[in-house]
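# Understanding the architecture of this molecule
This is what each chain is made of:
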Amino acid sequence: MSKYTATINWSRDDENYTDNKYSRVHQWSFDSGQVIRASASPNIVPTPYADSSAVDPEEAFVASISSCHMLWFLSIAAEKGFIVDEYEDYATGVLAKNEQGKLAITSVTLRPSVSYATQAHANKKENHSLHREASKKCFIANSVRTDVEIKSSIKTTHPE
């Protein structure tokens, strides 16, 4: 078993607070020493109470699924002898009402684009298989009820 921690800090400035007009900016601190500036999404809480330059929980949720998928993908590709030169994902999450009528991230779409080394590249079928296996192993995606969809591509084309 592994344990993961994050410390979330927020403090009120001189705002009234009970009028709901207070800053949502806060920080995430991790055991690695990294400190991330965070805020409510400006799509949820209007500025100036939310800061669009900070990471919001919804973005972090999508990023954590994408990152977990990528790390599994890289590991599986290496095991199978494929050499990945570059991996980029344009991941998106949709906030909508779920079956219970509550707001939730109801879907996440990953769009990984992979560049392989010429001497050890995967074809489209192998690339798809690698993503399918990574999706099954990603414990972040396995931990949520959100549907996670993968729409992968290969940046460089190699004859198959």
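See the structure shown above.
As a starting point, this report considers the structure included with it. Every residue gets a number counted from 1 within its own chain, in the order that chain's sequence is written. At least 70 in pLDDT is required for a residue's local features to be given in this predicted model, at least 80 for side-chain atom pairs to be given and counted, and no such filter applies to totals for whole chains, interfaces and linings, which use all residues. In computing side-chain values, all of the structure's heavy atoms are included and hydrogens and water are not.

Attention now moves to the overall build of the protein chain. Note on conventions: DSSP H or I runs of at least 4 residues are helices, E runs of at least 2 residues are strands, and numbering of each starts at the N terminus. Along its length, the protein chain carries two helices and nine strands. Counting from the amino terminus, helix and strand elements in the protein chain follow one another as β-β-β-α-β-β-β-β-α-β-β. The quantity called the radius of gyration is restricted to C-alpha atoms. Its globule counterpart is 2.2 Å times the number of residues to the power 0.38. Computed over C-alpha atoms, the radius of gyration of the protein chain comes to 19 Å, more than 25% over the 15 Å expected from 2.2 N^0.38 for 160 residues, which places it beyond the range of a compact globule. On the principal axes, the C-alpha backbone points of the protein chain span a range of 65 × 40 × 35 Å. Working definition: with a 1.4 Å probe on protein chains only, accessible area under 20% of the residue-type maximum means buried, over 50% means exposed, and in between means partly exposed. Counting every position in the protein chain, which comprises 160 residues, the buried fraction comes to 29%. Partitioning the contacts of the protein chain with sequence separation of at least 6, the portion at a separation of at least 24 is 54%. When the accessible area of the protein chain is evaluated, it comes to approximately 10600 Å², of which 50% is carbon and sulfur surface. His is not counted, nor are the chain ends, whereas Lys and Arg count as positive and Asp and Glu as negative. Here the site of a charge means NZ on Lys, CZ on Arg, CG on Asp, or CD on Glu. Here the protein chain contributes 17 positive and 20 negative side-chain charges, whose respective centroids are spaced 6 Å apart. Here, residues are in contact when the closest pair of their heavy atoms is within 4.5 Å. For the accessible areas, the method is Shrake-Rupley and the probe is 1.4 Å, while residue cover comes only from the protein chains on display.

The next subject is the sheet that holds strand β5 (residues 92-97). Note: two strands are recorded as paired if DSSP finds a minimum of 2 bridges between them. Taken in spatial order, the three strands make up an open sheet running β5-β6-β8, and their pairing is mixed. Lying at the two open borders of the sheet, with one neighbouring strand each, are β5 and β8 (147-150). When strand polarity is set aside, the average angle formed by the axes of neighbouring strands in this sheet is 25°. As judged from the four bridges shared by strand β6 (residues 103-110) and β8, these two strands associate in the parallel manner. Paired with S107 across the two strands is D147, which belongs to β8. Where helix α1 (residues 57-79) meets the sheet, it contacts β5, β6 and β8, and its direction lies at approximately 35° from that of β6. A fitted line through C-alpha atoms represents every axis, and for helices the fit uses only the stretch in contact; the resulting angles, taken between N-to-C directions, go from 0 to 180 degrees.

Moving on, we come to the sheet that holds strand β4 (residues 84-89). Note: strands within a sheet are paired through backbone hydrogen bonds, in either parallel or antiparallel orientation. Strand order in the open sheet made by the three strands is β4-β7-β9, with mixed pairing throughout. In the strand order of this sheet, the two ends are held by β4 and β9 (153-154), each with one partner. Where α1 meets the sheet, it contacts β4 and β7 (112-116), and its direction lies at approximately 160° from that of β4. Strand contacts of helix α2 (residues 124-137): β4, β7 and β9, with the helix running at about 125° to β7, the strand carrying the most contacts.

Excluding glycine, most residues fall at negative phi; most peptide bonds, likewise, are trans. Following T47, the chain continues to P48 via a peptide bond in cis, the omega torsion being 10°. Relative to the assigned elements, P48 resides in the loop between β3 (35-38) and α1. Even without a glycine there, the phi angle at Y17 is positive, about 75°. For N20, which is not glycine, the phi dihedral falls at a positive 70°. Note on placement: N20 falls in the loop between β1 (6-9) and β2 (26-30). The class of N20 is partly exposed, set by a relative accessible area of 47%.

Turning next to α1. Under the convention used throughout, the expected extent of a helix is 1.5 Å for every residue step, that is, one less than its residue count. If you check α1, its first and last C-alpha atoms are 33 Å apart, about what 23 residues at 1.5 Å a residue would give, namely 33 Å. On its buried face, α1 sits against β4, β5, β6, β7, α2 and β8. For the purposes of these results, a polar contact is taken to be a pair of N or O atoms within 3.5 Å, where, inside protein, one atom must be able to donate a hydrogen and its partner to accept one; residues adjacent in sequence count only when each atom of the pair is a side-chain atom. Two to three positions downstream of the cap, the backbone nitrogen of E58 sits 3.1 Å from a side-chain oxygen, assigning the N-cap of α1 to D56. Positive phi appears at G81, one or two residues downstream of α1, with a value of about 90°.

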